[in-house]
Amino acid sequence: MGQHFLTDLDIARRIADTVDACPDLPVLEIGPGMGVLTQYLMEKGREFKAVEIDGESVAYLNGHFPQLGSRVVSGDFLRMDLATLFGGGEFVLTGNYPYDISSQIFFKMLDNKSLIPCCTGMIQREVAQRIASSPGNKAYGILSVLIQAWYDVEYLFTVDEHVFNPPPKVKSAVIRMRRNHVTDLGCDEGLFRRVVKAVFNQRRKMLRVSLRQLLPPESPLFADEAMADMLTRRPEQLTVAEFVELTNLVEHALKG
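None of these values were measured; they are calculated from a predicted model.

Novice: Mind laying out the sheet that holds strand 6 (residues 118-124), listing which residues take part and the relevant values?
Specialist: The sheet built from seven strands is open, its strands ordered 4-3-2-5-6-9-7 with mixed pairing. Where the open sheet ends on each side, the last strands, each with one partner, are strand 4 (72-74) and strand 7 (151-159). For this sheet, the mean angle separating the axes of adjacent strands, direction not counted, is 25 degrees. Both strand 2 (residues 27-30) and strand 5 (residues 92-95) contribute to a ladder of four bridges, which runs parallel. Residue pairing across strands places valine 27 opposite valine 92, the latter belonging to strand 5. Sheet contacts for helix 3 (residues 55-64): strand 3 (48-52) and strand 4; angle to strand 4, the most-contacted strand, approximately 160 degrees. Running at roughly 135 degrees to strand 6, helix 5 (residues 125-132) makes contact with strand 6, strand 7 and strand 9 (172-179) of the sheet.

Novice: Go over the state of the cysteines, please, and point to the residues and values.
Specialist: A complete count under the given rule lists one disulfide for this structure. Shown here is the disulfide that connects cysteine 22 with cysteine 118, its sulfur atoms set 1.9 Å apart. The disulfide joining cysteine 22 to cysteine 118 has a torsion of about 50 degrees about its S-S bond and is therefore right-handed. Highlighted residues: cysteine 22 in the loop between helix 1 (9-17) and strand 2 and cysteine 118 in strand 6, separated in sequence by 96 residues. Residue cysteine 22 is classed as buried on the basis of its relative accessible area of 7%. By relative accessible area, which is 1% here, cysteine 118 ends up buried. Note on cysteine 119: no disulfide assigned, nearest cysteine sulfur contributed by cysteine 118 at a separation of 7.4 Å. With a relative accessible area of 0%, cysteine 119 lands in the buried category.

Novice: Which residues make up the packing of aromatic side chains, and what values do they have?
Specialist: Per the counting criterion, the structure on display carries four aromatic pairs. Centre to centre, the rings of tyrosine 97 and phenylalanine 106 are 5.6 Å apart; their planes meet at 80 degrees, and the pair counts as edge-to-face. Cluster of aromatic residues (ring-pair linked, three or more members): Tyr140, Phe200 and Phe243. Of note, lysine 108 hangs over the ring of phenylalanine 77, and the distance from its end group to the ring centre comes to 5.9 Å. Positioned above the aromatic ring of tryptophan 150, the side-chain terminus of lysine 113 is 4.4 Å from the ring centre.

Novice: Could you give me a rundown of the nonpolar core, with the residues and numbers involved?
Specialist: Within the largest apolar cluster, 59 residues are counted, with the highest numbers of intra-cluster contacts made by Leu93, Phe106, Met109, Phe192, Leu211, Phe243 and Leu246. Broken down by element, this core gets its largest block of residues, seven residues, from helix 7 (residues 189-200). Those residues within four positions of methionine 109 in sequence are excluded, and the remaining contacts are Leu93, Ile116, Cys119, Ile147, Tyr151 and Met177. With 30 residues, the next largest nonpolar core counts Ile15, Phe48, Val159 and Val174 among its residues.

Criteria and thresholds
Residues numbered from 1 in each chain as written. Predicted model: local features only at pLDDT ≥ 70, side-chain atom pairs only at ≥ 80, totals over all residues. Heavy atoms only, no water. Pairing = 2+ DSSP bridges. Helix = DSSP H or I, 4+ residues; strand = E, 2+ residues; numbered from the N terminus. Axes fitted to C-alpha atoms, helices over the stretch in contact; angles between N-to-C directions. Contact = heavy atoms within 4.5 Å. Disulfide = S-S within 2.5 Å. Buried < 20%, exposed > 50% of the residue type's maximum accessible area, 1.4 Å probe, protein only. Phe/Tyr/Trp six-rings, centres within 6.5 Å; stacked < 30°, edge-to-face > 60°. Lys NZ or Arg CZ within 6 Å of the ring centre and 35° of its normal. Core = buried A, V, L, I, M, F, W, Y, C linked by side-chain atoms within 4.5 Å.

Take a look at the structure:
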């Protein structure tokens, strides 16, 4: 499955301990593999399930951790109805995430944010830096804005390559994301995603140029003097709140 298995038990325990900041909720682990993280998550005494897509890993877990029983769910997390996992209740999401689908996992988290008040785990360092980045940095991008709109992000610690078998070619990092107090973004959420993705797909261009993917060149928005300053900026210069403002302006222009 192209996975890199964590071999350092101290690191595994530290990752498991990241869920302690979100107590009392069930825990869902993605991609338990050979169970190096699973063994410490089970010690938490919480309701627990692990989702594993690889049949060989499922067989290994059932053989080496018989106490897991039906708590190993064989399937694809990205295709699951998450409301069925813990009776429709909230849970903490964690894992040593497969690096090639970590972004997709976090988009699924956003789609189910009412169920996932807390998400922790290990990902490629570059992706972790992106998620945690603030405006004005090169790492600031689509994931930064979409996740920070709904979650407070903590970059916890970096993990070196040598603690994996086989060692990956990149460093890893452990992060924690906790739902903030936002219940209403203040704009159309679907359009917000479209605007963020559109402008970051042309991140080196001014908003005046990149927004033409969504609006015709003759749109009054481009002629509005009050918008002149914002439209000369590039996407990495905008805060989440400014992206909300921009989304509302785009929606108004589309309706006009």
